[in-house]
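For reference, the chains in residue letters:
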2 protein chains.
Amino acid sequence: MEAEKLALWRAPLARALHLNRSLPQSRYFQLATIRQNGYPANRTVVYRGFRDQTNQIQMISDLRSEKIQQINNSPLAEICWYFSQTREQFRFTGTLTLISADSNLQSIRLQIWQQLSNAARLQFAWPEPKQPRIEAKEAFLPPTPSVNEPLPNFGLLLFDSIEVDHLELRGEPQNRSHYQLDQQHEWSVKSINP
Amino acid sequence: MEAEKLALWRAPLARALHLNRSLPQSRYFQLATIRQNGYPANRTVVYRGFRDQTNQIQMISDLRSEKIQQINNSPLAEICWYFSQTREQFRFTGTLTLISADSNLQSIRLQIWQQLSNAARLQFAWPEPKQPRIEAKEAFLPPTPSVNEPLPNFGLLLFDSIEVDHLELRGEPQNRSHYQLDQQHEWSVKSINP
């Protein structure tokens, strides 16, 4: 694969991640998708880094969760990432691609699975999400899944941006930059009113 | 107006707001709406309390911002509210109603305007958001708006929930409650798998 050029917005995002590194929640963001009934859906998701040599943001998901049906129906999504220490927000407009057990890119799916904590891997062996609560505690204490073989319901999500809106509330008065991907897959940026 | 009964999810939300009160960002949440091109939109918004005697969540918006066009096109929305101190998340599915200068409820619109800081009111007199950046600093130093008369582009947003999903990551293993509004406008709750 040819390496993708680092997008223009990668430097300010890396800076925000660095300056907010003392807060664990700086590695969480909110992912909006579209429900099958037309309502938007919005939930907190853990940032799992960028796919090597690309500008794709990585996340994970249980294939049994509602967001998978939503993504199969429409891949359109927006990420809102607020950094409270530096008081800045990034909004990424784009599309999601699901990497499941029968997709290409199994080596990345395996790599992300291996990087998870034991506790995070264990959640993929829990009972089905959003079903009536199973009260037996043993249901949530399944055998430890293998580190070397992702469970079949483990999905990797790759997010491709087409627009990025960066707002810095601490500016004088505030700074806002708008990044856009053109037909030639080149990023451009302009300064806009906050 | 007849007072609305306090929704079942108000107590756990009030508790979260209380326990996370030391963090200013606990009063921010992420609001997802639908763009006219079908993409979801997602941004951080400041919580402005509940409308008296109701379960409506209040927010404010500049009428010149894109979210207003989105809401006029589709009022469907979802709020994702993550509390990092207690590690819990509320997701509110519902609809938005815009209160502008020619709507009913002017007394509430005025009241929220009056409760804003001077700095917050001043932003409604700034140049048009998202237009090419005006470099002259004076453009962002307009005359102070009157406390007693909201600027015409000041909008109040009221959010009505139909479903609320409450996830507590600190549970053993985790706790998740699903609240639903029925045809009789009564809330019910059930415990579901995380």
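Everything numeric in this text was worked out from a predicted model, so none of it was measured. (Residues numbered from 1 in each chain as written. Chains lettered and ligands numbered in written order. Predicted model: local features only at pLDDT ≥ 70, side-chain atom pairs only at ≥ 80, totals over all residues.)

Enquirer: Quick rundown of the overall build of chain A? Include the residues and the values.
Expert: Counting its regular elements, chain A contains 4 helices and 8 strands. In chain A, the order of α-helices and β-strands from amino to carboxyl end is α-β-β-β-α-β-β-α-α-β-β-β. Its C-alpha atoms give chain A a radius of gyration of 18 Å, within 12% of the compact-globule value 16 Å for 194 residues. Relative to its full complement of 194 residues, chain A shows a buried share of 31%. Long-range pairs, those at least 24 residues apart, make up 59% of the contacts in chain A between residues at least 6 apart in sequence. (Helix = DSSP H or I, 4+ residues; strand = E, 2+ residues; numbered from the N terminus. Rg over C-alpha atoms; globule rule 2.2 N^0.38 Å. Buried ≥ 20, exposed ≤ 12 C-beta atoms within 10 Å, placed from the backbone. Contact = placed C-beta atoms within 7 Å.)

Enquirer: Go over the interface of chain A and chain B with me, naming the residues and quoting the values.
Expert: Across the contact, 39 residues belong to chain A and 39 residues belong to chain B. Of all the elements in the fold, those that place two or more residues in the side of chain A that touches chain B are strand 1 (28–34), strand 2 (40–46), strand 4 (76–83), strand 5 (88–99) and strand 8 (187–192) of chain A. The greatest single-element share of the side of chain A that touches chain B, amounting to 6 residues, is contributed by strand 4 of chain A. Grouping the constituent residues of the side of chain A that touches chain B by class yields 20 nonpolar, 12 polar and 7 charged. (Nonpolar A, V, L, I, M, F, W, Y, C, P; charged D, E, K, R; others polar.)

Enquirer: How would you explain the nonpolar core if you had to name every residue and give the values?
Expert: Proteins that are soluble and globular tend to have nonpolar side chains buried together. Of all hydrophobic cores here, the largest spans 68 residues; its most connected members are Ala77, Ile79 and Phe159 of chain A together with Ala77, Ile79 and Phe159 of chain B. Contacts of Phe159 of chain A, omitting those with residues within four sequence positions, involve Gln56, Ile57, Met59, Ala77, Ile79, Phe92, Gly94 and Leu96 of chain A. (Core = buried A, V, L, I, M, F, W, Y, C linked by C-beta atoms within 7 Å.)

Enquirer: I'd love a proper account of the environment of Phe90 of chain A, names of residues and values included.
Expert: All names here are of chain A. Note that Phe90 resides in strand 5. A C-alpha to C-alpha distance of 6.7 Å links Phe90 and Val164, two positions 74 residues apart in sequence. Phe90 has contacts with Leu13, Trp81, Val164 and His166, leaving out every residue within four places of it along the chain.

Enquirer: Provide a residue-level description of unusual backbone geometry, including the pertinent values.
Expert: Residue and element names in this part refer to chain A. The residue Lys130 is not glycine, and still its phi comes out positive at about 70°. Take Lys130: it is sitting in the loop between helix 4 (118–122) and strand 6 (154–168). The class of Lys130 is partly exposed, set by 14 C-beta atoms lying within 10 Å.

Enquirer: So what's going on with the relation of the copies chain A and chain B? Which residues, and what values?
Expert: Overlaying chain A on chain B yields an RMSD of 0.0 Å, the required transformation being a rotation through 180° with an accompanying axial translation of 0.0 Å. The superposition operator between the copies reduces to a two-fold rotation axis. Same-surface contact between copies: 100% of interface residues of chain A are shared with the interface of chain B. (Least-squares fit on C-alpha atoms with pLDDT ≥ 70 in both.)

Enquirer: Just give me the short version of the pairing of strand 3 (residues 57–62) of chain A, but keep the residues and values in it.
Expert: The two faces of a sheet get side chains in turn, since along a regular strand they alternate between them. All names here are of chain A. Most of strand 3 is tucked away, with 5 of its 6 residues classed as buried. Sheet analysis places strand 3 next to strand 6, joined by 6 bridges and oriented antiparallel. In the strand pairing of strand 6, Asp62 is matched with Phe154. (Pairing = 2+ DSSP bridges.)

Enquirer: So what's going on with the environment of Leu116 of chain A? Which residues, and what values?
Expert: Take Leu116 of chain A: it is sitting in the loop between helix 3 (106–115) and helix 4. Measuring from C-alpha to C-alpha, the distance between Leu116 of chain A and Gly171 of chain A comes to 37 Å, with 55 residues separating the pair along the chain.

Enquirer: Which residues make up the confidence of the model for chain A, and what are the values?
Expert: Residue and element names in this part refer to chain A. Per-residue pLDDT for chain A averages 97, and the proportion of residues at 70 or more is 99%. Of all helices and strands in chain A, the one with the weakest mean pLDDT is helix 4 (96), whereas strand 4 scores best (99). Overall fold confidence (pTM) sits at 0.97, and the ipTM for the predicted complex is 0.97. (pLDDT = per-residue confidence, 0-100.)

Enquirer: Tell me about the pairing of strand 8 (residues 187–192) of chain B, residues and numbers included.
Expert: Residue and element names in this part refer to chain B. Two elements, strand 7 (residues 175–181) and strand 8, share 6 bridges in a ladder whose sense is antiparallel. Considered in strand 8, the bridge of Tyr179 is made with Val189. Between the end of strand 7 and the start of strand 8, which pair antiparallel, lie 5 residues, with His185 showing a positive phi angle near 60°.

Enquirer: I'd like a rundown of the environment of Arg48 of chain B, residues and numbers included.
Expert: Residue and element names in this part refer to chain B. Mapping Arg48 onto the fold places it in the loop between strand 2 (40–46) and strand 3 (57–62). Accessibility expressed as a C-beta count within 10 Å gives 16 for Arg48, which makes it partly exposed. For the pair formed by Arg48 and Thr86, sequence separation is 38 residues and the distance between their alpha carbons is 21 Å. Arg48 has contacts with Gln58, Met59, Ile60 and Ile112, leaving out every residue within four places of it along the chain.

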